[in-house]
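This is what each chain is made of:
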Amino acid sequence: MEKHIIIHGHFYQPPRENPWLEAIEIQDSAYPYHDWNSRITAECYAPNTASHILDAERRIIDISNNYSRISFNFGPTLLAWLKWYDPEIYEAVLQADKDSIERFSGHGSAMAQCYNHSIMPLSNDRDKRTQIIWGIEDFRKRFGRDPEGMWLPETAVDIESLEQMADNDIRFTLLAPHQAKKIRKIGDGEWNDVSDSSVDPRRPYLCNLPSGKSITLFFYDGPISQDIAFGGLLSNGEVFANRLLSAFEENGAEPQLVHIATDGETYGHHQTHGDMALAYCLYFLENETPVKLTNYGEYLEKHPPEYEVEIIEDSSWSCVHGIERWRNDCGCSSGMHGGWNQKWRAPLRGALDWLRDNLIEIYEAIGSKLLNDPWQAREDYISVILDRSDDNVEKFFGDHARKKFSHEDKVRILRLMEMQRHAMLMYTSCGWFFDEVSGLETVQVIEYAARAMQLAKEASGIELQDAFKGLMERVPSNLDEHKHGADIYVKYVEPSILDLLRVGAHYGISSLFREFSDEDSIYNYGVKGEIFDRSEVGRQRLEIGSVHIRSNITWNEEDISFAALHLGGHNIMGGALSRMEKNQFDAMLKDIHSSFMQSDISEVVHYTDKYFENNSFSLRHLFKNEQRSIMKELLDRSAIDIDTSFRQLYENQYPVIQALSGLNMPLPDYFSILMKFVLNRDMRKNLESEKIDLEELERNVEELRRWPLEIDKDTLGYLTSSKIDELTSQWKSSPEGIELLQTMNLLLEKLESLDLKYNLWKSQVRYFTIGRNYYPEVRDKAETGDKNAQNWVEQFKQLGEHIRVRVE
């Protein structure tokens, strides 16, 4: 009897994207270590250290090797973000699929996913088809092959979705055991009811569809998957492996497959060190047992289904009520807010369904006049999403145009396509998954709706927002501070809506703090600016200019004139106006400049209102990342003043502090605060510098040890981790050098007494890679008496001790 095991990880949760910038904005936090963006890759989507425990020590398996031995799917938006945020991980994921093809008889471990994780049974037929086609095309673009399998979001399934998948040559998908209705051996007449989750997950099942097509379904092992996600099964890799082995029927005659499926972030994010348990489990299974690791494509080729199945339609893996979690107050929630309800789910979906249907009318009315087949064009638009170069967009127009397009036609078509894209994005499943309509995930899908309505108005002139807000008044909130969904829309969504005028204002205000090149970009906007006046009076600065802005998404463009004034501190103001006539611009330039040079700020404000028709802007109108950058610059300026004052006090009072130390007397609170500020800041500046002053660092650490001072462990741990990552990245390029090894060892030695917490998974993977590829050669040289090689080996082993990795 053949025994096979598959471990599947589902990686979906996308980062929060601004629908107008097509970019990820930083979330508010006190320090980057606590940023969602800083932690997301390290703790959630890697899995973080692709490692396992052996002989009570951490030993590392590189990320691509770990992934190549499991089955996985990544959401397209997540992969797009990873490519931008951490190319090293992105490439490792792609390489893992290539490696798995070699490992598993030509079958890759990666599976495709419906494009933006909407609940398929709740989508209309066209959206189901587009979601599948876009998911397939995104997969082809990234992985360079056709997908064999596809993940259904939340495993939510109906027959029509399976038909569409089969129609697009998807061979298999995964479902939960409670989604099987009845089974029988192929060729038998009698069905067996398994709707009580009693389906045997150890074999594949053929699902014959009304069209005459078919698709294979794998039902994962529910109890084991549940224990991985919510139990303690990941506390020990060997226990994990033995639990998988226990699922085999010992006396079975036919081949058996034990397979599980969980969210990928379970390994290392939800379950700390779960990635290590996973990697050791894989190691144990491969080296200590006769079972064979496989993936679904390989297993299906070697063991075609001998049974067929009928499914329970409108069911999912994460709602015991079917798919009600995404349309009703069914009782499913996070469980974190007792007394709350989810009565908002149904009216929110109703509002979005109303909007979708109105957007269809607009799309068909305009699209049918410009496009040969508007819905075929939408399906093919994924080629533009994946490559927005002008030549590729022109090719799209050439493939679908009814006539020769003017520039205005092209802009209108792109707006319609983006309108349809956002009309699908607004159904992303996490918008209904959690507890409250004002939650980040739900506000995100409402923002997608707002963007779709804006595009609809720009393409057709039809205003939908007021009616939509009326429907949102029926969406209740659990929080007294919010009346209803319309209130949330006004508070959180409307301030995010932007047009080219606001992009121009952003450019103008940003120009006070940064230099733009002649042809630059702001997120997905191309900008060509010219500054006509740059003046300073004391700490006050004035910028007056114009900028040509072009959206790289919709190709609409505009000339924006602006004036921006920095009065010092966070006091920033400005005005912007589209298509200002030259004589008006010249008069504005003369009046505002003259008033500014006379320090008559009230007149500057008057002329700004007059010439820019009250289109005034301030720091709060900047995009979030730029707000943060400017505030950091302003705070850094303040910090310099504060640092100078504190440091002077510290130096003046240090003899007194020394005297207290000599007399073994405790420090007064005011001295403790002073020392804590100066020493923490010195260490932080040192760790952030290009080259660390190890002697100064040692003095700081010694000073901290002498006194019972609180240190900022989170920040110092984060900065040290970043510095080690930076150094190992350099070391990976030239592993033969010993200087970087010595620097890393000295740094970690000197900080050892502070008991900082590090996140060194990237460095651990690099260390293991060098240990596997370069260390054996140097070790052999060292054994022949080569002194340089001996020193290198000694430093290499020391670093391994510091970062808790051993290479034999």
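Residues numbered from 1 in each chain as written. Predicted model: local features only at pLDDT ≥ 70, side-chain atom pairs only at ≥ 80, totals over all residues. Heavy atoms only, no water.

Caption draft 1: Just the packing of helix α28 (residues 761-773) against helix α30 (residues 787-803), in detail. At their nearest, the axes of α28 and α30 sit 11 Å apart, and the two run at 145° to each other. When the axes of α28 and α30 are compared, the crossing they make is left-handed. Facing α28, whose interface residues are S763, Q764, Y767, I770 and G771, α30 presents W792, F796, K797, L799, G800 and I803. In terms of residue class, the contact of α28 with α30 is made up of 6 nonpolar, 4 polar and 1 charged. (Axes fitted to C-alpha atoms, helices over the stretch in contact; angles between N-to-C directions. Helix = DSSP H or I, 4+ residues; strand = E, 2+ residues; numbered from the N terminus. Left-handed = near helix turned anticlockwise from the far one by under 90°. Contact = heavy atoms within 4.5 Å. Nonpolar A, V, L, I, M, F, W, Y, C, P; charged D, E, K, R; others polar.)

Caption draft 2: Spotlight on the pattern of salt bridges. All told, the structure shown has 59 salt bridges when counted by the stated rule. As a salt-bridge pair, E515 and R534 come within 4.0 Å of each other at their nearest N and O atoms. Taken as a pair, E515 in the loop between α20 (500-510) and β17 (520-522) and R534 in strand β18 (residues 525-537) lie far apart in primary sequence, 19 residues in all. The exposure class of E515 is exposed, given its relative accessible area of 62%. Note on R534: relative accessible area 41%, which makes it partly exposed. In this structure, E633 and R637 form a salt bridge, with 2.7 Å as the shortest nitrogen-oxygen distance. Residue E633 and its partner R637 are both found in helix α23 (residues 624-662); the two are separated by 4 residues, about one turn of the helix. Judged by its relative accessible area of 38%, R637 falls in the partly exposed class. Ionic contacts of the salt-bridge type, sharing partners, join the residues D200, R202, R203, E249 and E254 into one network. (Salt bridge = Lys/Arg side-chain N within 4 Å of Asp/Glu carboxyl O. Buried < 20%, exposed > 50% of the residue type's maximum accessible area, 1.4 Å probe, protein only.)

Caption draft 3: Focus on the sheet that holds strand β21 (residues 572-578). Across the sheet, which stays open at both edges, the 6 strands sit in the order β17-β18-β19-β20-β21-β22 with antiparallel pairing between neighbours. In this open sheet, the two strands that pair with only one neighbour each are β17 and β22 (616-618). Ignoring which end each strand starts from, the neighbouring axes of this sheet average 35° apart. Both β21 and β22 contribute to a ladder of 3 bridges, which runs antiparallel. Residue M573 lies in a different strand from β22, and its bridge partner there is S618. Here helix α21 (residues 582-597) sits on the sheet in contact with β18, β19 (540-551) and β20 (557-566), set at roughly 155° to β19. (Pairing = 2+ DSSP bridges.)

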